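Chain by chain, the residues:
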Amino acid sequence: MSMTLSRSTMNEKDKKRTGKFISLILRHEPQKIGLSLDENGWASVEELISRCACHRVYFSKEELQEIVETNDKKRYSYNEDQTQIRANQGHSITVNLDLPSVKPPEYLYHGTADRFMASISREGIRNMNRHHVHLSKEKNTAAQVGSRHGRTVVLIIFSGQMFRDGIEFYVSDNGVWLTDYVDPKYISNI
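An account of the accompanying structure is given in this report. These numbers come from a predicted model, not from an experiment.

1. Examining the side chain of Ser136
Okay, step 1: Within the fold, Ser136 resides in the loop between strand 6 (133-135) and helix 5 (139-146).
Okay, step 2: On the basis of relative accessibility, which here comes to 11%, the residue Ser136 falls in the buried class.
Okay, step 3: For Ser136, the residues in contact, after removing those within four places along its chain, are Leu108, Tyr109, Thr141 and Ala142.

Now the structure itself:
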């Protein structure tokens with residue numbers, strides 16, 4: 001991927017392309033550019049910028065700030081002094097986001113494609129190659145997520161009952177609800 005960007009504000013196409021590359025690096029393949037993440041998924045902002053530039057993906061600190069602030073999925077967070085950055089969730093690499101367990105609302109939602117329903121009915125919702133199952137507080141957010149995979153089905157998750165049964169939940173910095181697994185007994189179609 002080769003992108004040459006000016007030091008002025010990125011256009012939307014470049015911002016989206018760069019954001020996807022950063023997401024790939026911070027969530028799945030930091031080794032692709034030789035980036036080091038700590039155990040909690042944090043990377044040095046300076047190192048991210050310089051390592052990406054070595055792979056012909058150019059952006060400034062200001063452009064990175066714009067990507068972080070305007071990303072519709074709020075995929076990234078900075079540490080307090082903005083010297084480190086990480087992805088908020090969705091990692092396929094081993095990281096400990098160090099999120100506290102929290103009580104979820106009574107119902108959460110999961111968007112998926114209808115072609116996965118037979119498997120979900122039998123096996124529940126698994127994290128697959130991610131650390132957690134991702135759930136939404138709003139139906140429309142779940143529908144948007146599910147629409148990426150085909151004809152959308154939005155499932156009601158009985159998260160309150162799961163919690164009362166001892167299953168832990170977490171909330172990422174961008175508001176995505178996370179849990180390890182959802183048993184079929186806690187799932188209903190809308």
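Alright, that's what it looks like, and here's the rest.
2. Regarding the layout of surface pockets
Okay, step 1: Estimates place the volume of the largest pocket at around 1200 Å³.
Okay, step 2: Together, 37 residues line the largest pocket, and His110, His134, Val145, Arg148 and His149 are the ones closest to its centre.
Okay, step 3: Secondary structure elements with two or more residues in the lining of the largest pocket: strand 4 (108-113), helix 4 (117-123), strand 5 (125-126), strand 6 and helix 5.
Okay, step 4: Its residues assigned to classes, the lining of the largest pocket shows 10 nonpolar, 16 polar and 11 charged.

3. Some thoughts on the pattern of salt bridges
Okay, step 1: Following the criterion strictly, the structure yields nine salt bridges and no others.
Okay, step 2: As a salt-bridge pair, Arg17 and Asp14 come within 3.8 Å of each other at their nearest N and O atoms. Of this pair, Arg17 and Asp14 both sit in helix 1 (residues 12-27), three residues apart, roughly one helical turn.
Okay, step 3: Note that Arg126 is salt-bridged to Glu123, the shortest N-O span being 3.7 Å.

4. Here's the deal with helix 3 (residues 61-70)
Okay, step 1: Along helix 3, the residues that are buried comprise Glu63, Leu64, Gln65, Glu66, Ile67 and Val68.
Okay, step 2: Check the buried side of helix 3 and you find it contacts helix 1, helix 2 (45-54), strand 2 (76-78) and strand 3 (84-87).

5. A short note on the side chain of Asn174
Okay, step 1: Structurally, Asn174 is set in the loop between strand 8 (170-171) and strand 9 (177-179).
Okay, step 2: The exposure class assigned to Asn174 is buried, which follows from its relative accessible area of 18%.
Okay, step 3: A distance of 3.0 Å separates the side chain of Asn174 from the backbone oxygen of Lys74, its partner in a polar contact.
Okay, step 4: Polar side-chain contacts of Asn174 include one of 2.3 Å to the side chain of Ser172.
Okay, step 5: Beyond its immediate sequence surroundings of up to four residues, Asn174 is in contact with Lys73, Lys74, Arg75, Asn88 and Gln89.

6. Points about the environment of Leu64
Okay, step 1: With respect to the secondary-structure elements, Leu64 resides in helix 3.
Okay, step 2: Overall, the relative accessible area of 0% leaves Leu64 in the buried class.
Okay, step 3: Separated by 45 residues in sequence, Leu64 and Gly19 have C-alpha atoms that sit 8.4 Å apart.
Okay, step 4: Apart from the residues within four sequence positions on either side, Leu64 is in contact with Ile22, Val45, Leu48, Phe59, Tyr78 and Ile85.

Calculation rules
Residues numbered from 1 in each chain as written. Predicted model: local features only at pLDDT ≥ 70, side-chain atom pairs only at ≥ 80, totals over all residues. Heavy atoms only, no water. Helix = DSSP H or I, 4+ residues; strand = E, 2+ residues; numbered from the N terminus. Buried < 20%, exposed > 50% of the residue type's maximum accessible area, 1.4 Å probe, protein only. Contact = heavy atoms within 4.5 Å. 1 Å grid on protein atoms, 1.4 Å probe; cavity = no way out; pocket = protein on both sides within 12 Å on 5 of 7 lines; lining within 4 Å. Points joined across faces, edges and corners; volume = space filled by probe spheres on them. Nonpolar A, V, L, I, M, F, W, Y, C, P; charged D, E, K, R; others polar. Salt bridge = Lys/Arg side-chain N within 4 Å of Asp/Glu carboxyl O. Polar contact = N/O pair within 3.5 Å; in protein donor to acceptor, adjacent residues only side chain to side chain.

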